[in-house]
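# Descriptive analysis of the structure
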Amino acid sequence: MTTSSTPPPPDPRRWIAFAVVLAAGFMDLLDVTIVNVAVPSIQGDLQAEYSQLEWIIAAYVLAFAAVLITGGRLGDIYGRKRVFLTGMAGFTLASAACGLATDPTMLIGSRFAQGAMGALMVPQILAIIQTTFPKEERAKAIAVYSGVGGSASAVGLALGGVLVQADLFGLGWRTIFLVNIPVGIAGFVAAWFVMSDSKSATPPRLDPVGMVLAVSSVLLLVYPLTEGRRLDWPAWTFVMMGAAVAVFAAFLFYERALTRAGRSPLVDLGLFRSRPFAIGLGAWLLFWIAMGGFFLVWTLFMQGGLGWSPLRAGLTSALFAVGAGVGAGLSVGVLAARYGRRVLMIGALVNAAGFALYGAMGVRYGSEFTSWQMALPLVITGAGFGMVVAPTLDLLLGQVPVREAGSASGLLNTGQQLGTALGVALVGVLFFSALDRDSDRGVESVTPQIRAELAVEGVPVGVQDQIVAGFAACVHDRSAEDDPTVMPASCEPNGIGGEAVSRVLGEAGAEANAVNFAESFRHTLFYGIGMLLLVCLGFFALPKDARLEQRMLDDEPETVTI
């Protein structure tokens, strides 16, 4: 084992090793969104309630955020290759458990494990770039990593739809997890042979107490937000949310005490001395709250509201990926170097414009909304997303001293995952409450059609009134139901009118459902638009001359080569 204050000669296999860890990182980040498009299939197969579906998504990102900074420190202490391989093995096993889950609880627990193991892998990627690439190559490697990471969210939706629809070996939605097994095994073997190991010569200490306090404060907030509607908001849900504030205050106090004692806090509070970084981090968190919620309700709208197959929903999401690719390429390659913070501000506004157009078109077209009609709002939304995601990391890192860039990077990545989890929880409250509240709108939109078709079938007016009243009760009760697999008593066949009436009500029910989902989707996007406007204002706090920075790349790390 040798210790040096300068990096060793470049590893001739560094690009091969980088490709291996990059593929693993892409797999990790892909699993944040790949599950979204499979949610309706999971719901039907495992008889999951809406709140459980939210946990299936949020569990991964919560665990990922909780372990991310600690995962980076474990690599500094015990060796990046060793921790990376541990994470890869654990992620593969957790993916197998997800694919074999027999009930929602098992799937949620496995998703927690999957996220935690992913958080052991991802921090090692930037560390490996720092320690294996010469200074003149690091900017290129960082750009590749940023591009791949930024595209993972969009690609996850499309790939999830293809895998679910393909129904390989009759496994349905389970393939989105089981596909990680061969990829994980291949990645583990390749990493074993091509990765070199290193650790920090002066590694920071772990902060388990800080990690527990931080995770507890988030869970105390997310849990009542996710479960409150289902339980009709009992008093303890508000007590938990109040406790979240108290625990977070205790976390800040403890982190300050560690800093004063000269130890290694989980979060370097000194970063917040930079006002632009602090406000920019808040804007970054709000951005992912908006996008985390969007990815959930978007897929619910396409499949639950419009009745689309997973394949159609997934392929339609590729339009978002196209926009994201264009926006990311323009922002990093052309715009950010010249216009700095204005690119982030314009990106947030473009994203908000895409949301507004999407919501308006959803209400306009209802059940007739086609994939090609979605092209314009999805490309606009994706372009704004790419313009924000691609350059933000570098622009915000430029607001802190070089020696603090590593801590700042970890905090930004953690903020992304926490924002996604909070977005899922908040949007669940908004979307499903709106679905319940606005159910009458869907009924009103189809009532004239029902009466006209019943009249053609020769149904008397008095019986029509009875049928329409029963239909309205059924739609309302289905919209208010916490468990979508439960058939309310009001929806049970009553024998009135026979097969012809059943056909009329079935068609009208699909149309009413589409109208309800479209209205709820639009209301939820209003919340997203408000968030994105705040994001735009937050990025305004960055200096006018802020440009893409690679300052952290010039900082030669002190390493121990194993």
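The preceding data block contains the structure.
Below you will find a few notes about this structure. Just so it is clear, the structure is predicted and the values come from calculations on it, not from any experiment. (Residues numbered from 1 in each chain as written. Predicted model: local features only at pLDDT ≥ 70, side-chain atom pairs only at ≥ 80, totals over all residues. Heavy atoms only, no water.)

### Some words on the nonpolar core
F287, F294, W298 and Y358 are the most contacted members of the largest nonpolar core, which totals 146 residues. If you tally residues by element for this core, the top one is helix α11 (residues 275–305), at 17 residues. Beyond its immediate chain neighbours, meaning those up to four positions away, Y358 contacts F294, W298, M302, F369, M374, P377, L378, F521 and L525. The next biggest cluster of nonpolar side chains, apart from the first, holds 13 residues, and it includes V443, I450, L454 and V459. (Core = buried A, V, L, I, M, F, W, Y, C linked by side-chain atoms within 4.5 Å. Buried < 20%, exposed > 50% of the residue type's maximum accessible area, 1.4 Å probe, protein only. Helix = DSSP H or I, 4+ residues; strand = E, 2+ residues; numbered from the N terminus. Contact = heavy atoms within 4.5 Å.)

### With respect to the packing of helix α4 (residues 80–99) against helix α8 (residues 180–194)
Their axes nearest at 9 Å, the elements α4 and α8 cross at an angle of 165°. Comparing their axes, α8 and α4 come out roughly antiparallel. Taken as a pair, α4 and α8 cross one another with a handedness that is left-handed. On the side of α4, the interface is formed by K81, F84, L85, M88, A89, F91, T92, S95 and A96, while α8 contributes N180, I181, G184, I185, G187, F188, A191 and W192. Each residue belonging to the contact of α4 with α8 can be placed in one class, and the counts come to eleven nonpolar, five polar and one charged. (Axes fitted to C-alpha atoms, helices over the stretch in contact; angles between N-to-C directions. Parallel < 35°, antiparallel > 145°, perpendicular 65-115°, else oblique. Left-handed = near helix turned anticlockwise from the far one by under 90°. Nonpolar A, V, L, I, M, F, W, Y, C, P; charged D, E, K, R; others polar.)

### Quick word on the pattern of salt bridges
Counting across every chain of the model gives seven salt bridges. For the salt bridge of D465 with R451, the shortest nitrogen-to-oxygen distance reads 2.8 Å. On the criterion of sequence distance, the pair formed by D465 in helix α17 (residues 461–480) and R451 in helix α16 (residues 439–456) is long-range, its members being 14 residues apart. Look at the salt bridges and you will find they share partners, linking R441, E519 and R522 into a network. (Salt bridge = Lys/Arg side-chain N within 4 Å of Asp/Glu carboxyl O.)

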